[in-house]
Every structure is written in structure tokens, then in C-alpha cells.
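Breakdown of the fold
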Amino acid sequence: MKKPAFFVVLIFFFQLSAFSQSCLPEGIYFSTQEQIDNFQTDYPACTEIEGRVTIRGNDITNLLGLSVVTSIGGGLFIGTEYYGNPVLKSLNGLSNLSYVGG
């Protein structure tokens, strides 16, 4: 009787881990809109970025490609002290982000 329950719990945890994957322990640097747009293709199932995320680029207009990201472990940096993201008007792509560390 205990074996079927164990397998159900085991399957549940495998499915949960398939939907929520940590990745990029060294972080990631986005410098173009194309990199942001291709994030889900380049890193499928990556929802929890372990390292730092830096977003700095003159052509970045939106962050919608990052909408699957729920957690950033190493900090989030958008723009620089002198040069921001001049055409970025909204942070809507980060609406699923529930944790930022660092």
C-alpha cells in the first residue's frame, strides 16, 4: 500500500522540477533585444536564474522574453550609471518575478 503512494509523490516532484528549473549559475548579460526574445528558446525550462542578470542595451525595447523567469539569485541590474536602456519603456516582462537576491 505504501509503494503506490510513494510513486505518486515521486512523480509529483519530478513533474514539479520539470516545470521549475534553475539555471545559469554564472548569470547572464543581455545586450540586445534579440537575446531577450530568444531566451525561452535558448534556455528552455529555465525559470530560476541562479546568478546575476544584467540588462544593458541601446535597442532593448521590452522584456517580454523573460516572462517565464520567477527568481533571480544573484541580483538584477538594468542599465548603468551613465547609460541606461534608452528605449526600454516598461518592465512588464518581469511580472512573474517573485524573488531577486544579491
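What counts and what doesn't
Residues numbered from 1 in each chain as written. Predicted model: local features only at pLDDT ≥ 70, side-chain atom pairs only at ≥ 80, totals over all residues. Heavy atoms only, no water. Phe/Tyr/Trp six-rings, centres within 6.5 Å; stacked < 30°, edge-to-face > 60°. Buried < 20%, exposed > 50% of the residue type's maximum accessible area, 1.4 Å probe, protein only. Lys NZ or Arg CZ within 6 Å of the ring centre and 35° of its normal.

1. Things to note about the packing of aromatic side chains
Going through the model one piece at a time under the given rule, you end up with 2 aromatic pairs. For the pair F30 and F39, a centre-to-centre distance of 6.0 Å together with 70 degrees between the ring planes defines the contact as edge-to-face. Note on F39 and Y43: the rings are 5.4 Å apart at their centroids and 35 degrees apart in plane angle, and the pair reads as tilted. Residue F39 is classed as buried on the basis of its relative accessible area of 0%. A relative accessible area of 30% means that Y43 is categorised as partly exposed. Three or more aromatic residues joined by ring pairs form one cluster here, namely F30, F39 and Y43. Positioned above the aromatic ring of F77 is the side chain of R52, whose terminal nitrogen or guanidinium carbon lies 4.0 Å from the ring centre.

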